[in-house]
Amino acid sequence: MRIILSEDNDILRKSLSFFLESKGFTVDQFADGKDALKAIENNSYDLILTDINMPGISGMEITQHVRQKIGSDIPIIIFTSSGVEQTELDSFDIGANEFMAKPVSPAVLLVRINKLLSTRV
Amino acid sequence: MIKLWEFYKSGDWVEPFLIDSIILFIAASCILYLLIIASRSKKIKRERLRIEYDKLIEKLMFSVVFQDTPFSEIKEDKGYSVLSKKAFFREVLAESITNLHKNYEGVYARKLEQFYKESGLINDSFKKLKSLKWEVKCKGITELAEFNVAEAFEKIITASKDRNKTLKLTAINACIKLEGTRSIVHLTEHPYPIDNWTQLNIIGAFKKHDIGDIKGVEFLLESENTTVVALGLKLIKELKLTQKVPYVVQLVNKAPNTFIKCEAQSVLQTLTV
């Protein structure tokens with residue numbers, strides 16, 4: 001399974017990537033939203049994991065682009081440090097499948113990823 | 001005086017004065033240039049070291065968090081045992097572990113807390129509290145609060161009475177995270193007005209850390225400092241503490257001024273409707 005991880009916090013991105021790779025996933029990681037979007041357009045992924053606040057393009061814009069321009073139904077998990085209810089509502093509104101507020105538990109994240117991937121197969 | 005005037009009029013001083021001025025200017029420029037070069041190269045060296053340290057720190061962190069490597073094993077790592085004695089390495093390590101802890105919760109966060117204590121980083125944070133520089137103190141406070149070191153509460157509360165506003169707010173935020181309302185009860189005897197910005201920060205900290213135990217907020221309403229009373233009312237209103245309504249009713253009856261009375265009535269209206 002190939003996952004794209006878009007997160008600008010270096011240590012969080014690298015640690016999540018390490019964790020997911022140790023669970024058997026192939027992870028492509030990006031610190032910039034624009035680069036992540038380019039990779040999504042040029043490659044085939046099974047799941048998108050993205051932060052909202054990022055340089056280049058935000059996680060919201062990536063989600064919107066994937067759903068409206070590319071027209072893909074690939075599972076998207078958004079995570080953010082914002083605890084604002086409206087952000088969560090907006091995320092689901094534009095087509096995200098899951099929303100996780102930081103701090104995150106990698107174990108819970110893994111369960112959600114597996115759940116989304118199993119429902120898609 | 002006359003001699004001095006004659007010396008001035010003779011113009012003999014002009015040439016040596018100009019030469020000395022030029023020498024002084026060139027010397028000062030050279031010194032400043034060298035200082036800038038030294039400062040830049042120090043920063044570049046630190047950045048290089050940071051990149052180098054980051055690689056080792058990431059390796060260590062991931063093995064602690066995801067591979068359950070005990071600290072006794074990490075201590076034996078050659079790279080770690082040498083670098084752990086260097087202050088800058090410990091600084092970068094503390095920054096990384098704090099950053100990761102902010103983003104993780106559950107069992108993974110507990111593992112980081114354990115590493116923070118076993119590696120002695122906790123002692124570095126306590127040392128930072130003794131620094132004369134407020135920004136270093138803030139760093140120490142933030143680290144101790146992030147790792148929920150409740151023993152640091154008494155020391156941090158002392159910092160919350162500091163005159164430096166940033167330090168004060170950082171300390172209050174940390175205290176609220178560690179001990180909830182216990183950290184603000186001392187404000188009842190606060191002699192100076194608490195501005196709106198500080199009040200908003202305090203309320204924000206309560207909301208952010210989702211403090212369940214709100215015992216003692218009512219004491220703020222008994223303060224002689226009206227800004228403290230206003231803070232108490234705002235906390236009751238924002239956190240929707242309906243169990244504190246009787247205290248607000250009491251305040252309406254014996255309000256020290258019209259402003260507090262109106263505020264208290266507004267809180268009552270919000271909570272009882």
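Quick summary incoming for the structure in this document. The shown structure was predicted, so the numbers you read here are calculated from the model rather than taken from an experiment.

Cut-offs applied
Residues numbered from 1 in each chain as written. Chains lettered and ligands numbered in written order. Predicted model: local features only at pLDDT ≥ 70, side-chain atom pairs only at ≥ 80, totals over all residues. Helix = DSSP H or I, 4+ residues; strand = E, 2+ residues; numbered from the N terminus. Buried ≥ 20, exposed ≤ 12 C-beta atoms within 10 Å, placed from the backbone. Contact = placed C-beta atoms within 7 Å. Core = buried A, V, L, I, M, F, W, Y, C linked by C-beta atoms within 7 Å. Axes fitted to C-alpha atoms, helices over the stretch in contact; angles between N-to-C directions. Left-handed = near helix turned anticlockwise from the far one by under 90°. Nonpolar A, V, L, I, M, F, W, Y, C, P; charged D, E, K, R; others polar. Pairing = 2+ DSSP bridges. Right-handed = clockwise from strand over helix to strand, strands pointing away.

**So, the overall build of chain B**
Summing up its helical and strand segments, chain B has 14 helices and zero strands in all. Along the three orthogonal principal directions, the C-alpha set of chain B runs to about 90 × 70 × 25 Å. Each of the 273 residues in chain B was classed as buried or not, and the buried ones make up 29%. In chain B, the share of contacts with a sequence separation of at least 24, taken over all contacts with a separation of at least 6, comes to 64%.

**A word on the nonpolar core**
Residues and elements named next belong to chain B. One finds Ile97, Leu112 and Ile141 to be the most contacted residues of the largest nonpolar core, which totals 83 residues. Top contributing element to this core by residue count: helix α12 (residues 226-238), with seven residues. Those residues in contact with isoleucine 97, other than ones at most four positions away along the chain, are Met61, Leu112, Phe115, Tyr116 and Leu121.

**Points about the packing of helix α11 (residues 196-208) of chain B against α12(B)**
Geometrically, a packed helix pair is captured by the angle between its two axes and the distance between the axes. All names here are of chain B. Running from amino to carboxyl end, α11 crosses α12 at an angle of 35°, the nearest separation of the two axes being 10 Å. The handedness of the crossing between α11 and α12 is right-handed. In contact with Gln199, Ile202, Ile203 and Phe206 of α11, α12 contributes Leu231, Lys234, Leu235 and Glu238. Residue classes in the contact of α11 with α12 are distributed as five nonpolar, one polar and two charged.

**Points about the pairing of strand β4 (residues 76-80) of chain A**
Looking along a regular strand, one sees the side chains alternate between the two faces of the sheet. Residue and element names in this part refer to chain A. Extensive coverage of β4 is indicated by the burial of five of its five residues. Here β4 shows two buried faces, one formed by Ile76, Ile78 and Thr80 and the other by Ile77 and Phe79. Sheet topology places strand β3 (residues 47-51) next to β4; four bridges connect them, and they run parallel. Bridge pairing in β4 places isoleucine 48 opposite isoleucine 76. Note on the crossover from β3 through helix α3 (residues 59-70) to β4: the handedness is right-handed. Relative to strand β5 (residues 98-101), β4 runs parallel, the two sharing four bridges. Considered in β5, the bridge of phenylalanine 79 is made with methionine 100. For the handedness criterion, the β-α-β arrangement of β4, helix α4 (residues 85-93) and β5 is classed as right-handed.

**Quick notes on the sheet that holds strand β1 (residues 2-6) of chain A**
Residues and elements named next belong to chain A. Pairing within the open sheet is parallel, and its five strands lie in the order β2-β1-β3-β4-β5. Where the open sheet ends on each side, the last strands, each with one partner, are β2 (26-30) and β5. Going across the sheet, the axis of each strand differs from the next one's by a mean of 15°, ignoring polarity. Contacts from helix α2 (residues 33-42) reach β1, β2 and β3 within the one sheet, and its direction differs from that of β1 by about 160°.

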